[in-house]
Structures are given as structure tokens and as C-alpha cells.
Amino acid sequence: MKSTIILLLSLIVSLPVFSQDSISVSNSISGQSRGKAESPYETSWKVDGPVIAGTLGLNFLGLSLIKNKEGLTEAEVAMKNKANVNGIDRFAAGNYSENADKISYYPFYASFAMPVALLLNKKVGSKAGQVMALYIETMAVTGALYSITAGSVNRSRPYVYSAEAPMDERTKKGARRSFFAGHTAATASATFFAAKVYNDFNPDSKAKPYVWAAAAVIPAAVGYYRLKSGNHFLTDNLLGYAVGAGAGILVPHLHKKGTPNNLSVVPVTTPEYKGLNLSYTF
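Anyway, here's the lowdown on the structure attached to this text. Note that this is a predicted model, so its numbers are computed, not measured.

Focus on unusual backbone geometry
Cis geometry marks the peptide bond from phenylalanine 179 to phenylalanine 180, where omega comes out at -10°. Here phenylalanine 180 shows up in the loop between helix H8 (167–170) and helix H9 (182–201).

With respect to the environment of alanine 190
The residue alanine 190 is located in helix H9 in this model. With relative accessibility at 0%, the residue alanine 190 sits in the buried group. Between the alpha carbons of alanine 190 and alanine 215 there is a distance of 8.3 Å; along the sequence they are 25 residues apart. Contact partners of alanine 190, with chain neighbours within four places excluded, come to Ser111, Phe112, Pro115, Tyr135 and Met139.

Some words on the packing of helix H5 (residues 98–117) against H9
The N-to-C vectors of H5 and H9 enclose an angle of 30°; their axes lie 8 Å apart at closest approach. Put simply, H5 runs roughly parallel to H9. Between H5 and H9 lies a crossing whose hand is left-handed. Contacts from Tyr105, Pro107, Phe108, Ser111, Phe112, Met114 and Pro115 in H5 reach His183, Ala186, Thr187, Ala190, Thr191, Phe193 and Ala194 in H9. Here the contact of H5 with H9 is built from residues that sort into ten nonpolar, four polar and no charged.

Definitions and limits used
- Residues numbered from 1 in each chain as written.
- Predicted model: local features only at pLDDT ≥ 70, side-chain atom pairs only at ≥ 80, totals over all residues.
- Heavy atoms only, no water.
- Helix = DSSP H or I, 4+ residues; strand = E, 2+ residues; numbered from the N terminus.
- Buried < 20%, exposed > 50% of the residue type's maximum accessible area, 1.4 Å probe, protein only.
- Contact = heavy atoms within 4.5 Å.
- Axes fitted to C-alpha atoms, helices over the stretch in contact; angles between N-to-C directions.
- Parallel < 35°, antiparallel > 145°, perpendicular 65-115°, else oblique.
- Left-handed = near helix turned anticlockwise from the far one by under 90°.
- Nonpolar A, V, L, I, M, F, W, Y, C, P; charged D, E, K, R; others polar.

The following block contains the structure:
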């Protein structure tokens, strides 16, 4: 998946930012910061470093699983029947539009710029390293959840049911990667992260409703065009939206000062299972 590879490369290139900000965070705690706005977050290389490294590792594991998938044969494609698709998704079976696919990439790529644009805000910009580190962690978590799932679950895309789609498209490996919607998840992760961070740095801002509205609309637009293009069913997009928005909000929220650190995310790899172990202590 091109989007996952691009995302991973951007994460790796950005990793040095974290170590730079660890210095500024420790200085702030010890009262040595000079003229910088107070950050609402606490980050630690000892805690966040292993999470980022582990989730990036899971991203590569997921990409390996995706790469090793097998496509359908023409005979298997011919046996596909819309009647076998669950009721809530059946209306999308057979969708196919190259134009809708192309359009979906405009809001998708634009969403990744939203957290970067946050740095234009003086309060956020003064903690650029810390914010970018949290952004890396957010996207790494989202990418891990997506890639492991997409690599493990074989669900045919809606266009596999379409006679209009070229047979070479319907039989390729990527045609069995409908669950869940990675583009929608990545977009929601980026936009909701931006909205959450803006909200936490600027709790009294009158622009907050507009920022949250943009955060909600952009991934919805991506999901709509992924649905129309025949790349994903409705439930794929709904889950992708929920996963992305959840990561975008929860990762920075769990780093807020005064928030109990009751959530642990630990990579797990066994002969029978590969994934993330998430636990929350009440």
C-alpha cells in the first residue's frame, strides 16, 4: 500500500525530532525553559521511545503480511456473488470508479499537513519537537493496527464484484485488502490529532469548533470517495474512521499532564499471534 509506505518513511525521517524535544521537556520540568509556552503534555523517551519503535516494527511486519498475500483466481472472482455480502455493505458491492479513487487522494494527502500547520500557532510551535513526536507515535499506532489487520484479514474489495473493473485489478493481491479502510484511518488519525492538540494548547480559542469540524469532515470525505471508488465497504470505512479518530485523540490525551497513565500498549509476537496488547487499568 503506497500510503502506508509513504507514512512509514515520513515517520522514520522524523524520529530524530523526539530526542531533541526530550531535552526541552526535561528543561521545562526543571524550570530551565526560556520564554517557551507551557506544554499541556508530558513525554518521555523511556516510555514513548519503545512504543514508537515497537509499533513501527509492527508496521513492517504488517507490510510483510500484506506482501505475502495471494490474489484471487479468475474462477474465484467469477464465483463472487453480491448476495453473500452482509446487508449493511451490499449496496457498495460492485462499485468501481477510477475518478473517485483519484479524488480520494486530495483530502488524504492534505490531512497530513494539518498537524504540521499547527506549528504556525505560537503556543504549539514553541513545542514543535514534542508535538511532532506525539504525531509520529499517533500515526505509528494507527499504521500498526491497520497493517496487521489488513495483512491478516482477507476481504475482497467492492470492485471485485464489478464487471466494469479490469480482471487484472480484481485478481491482484491488493483486491483482498478491503478490511479495514487504511486511507480513512490515516486521515482521521492526522486530523483528529491536530484538532486535539490545538484544543489542548488553546482551550479558550473561538476557532475550536471549526478545527473540530474540519477534523471530522476531511476523513469522512476520504471515506466517501473510497466507498464510491469500490475500494472499501461502509463498515471498512466506519472502523477505519473510528480507529484513526481514536488514536488521534487518545495518544495526546494520555500524555496530558495530570492524566493517570493507565493505558499500556505492548507489541506481542508469538508463533500463533502477532499484534498489539492494549490494557487499561481502572
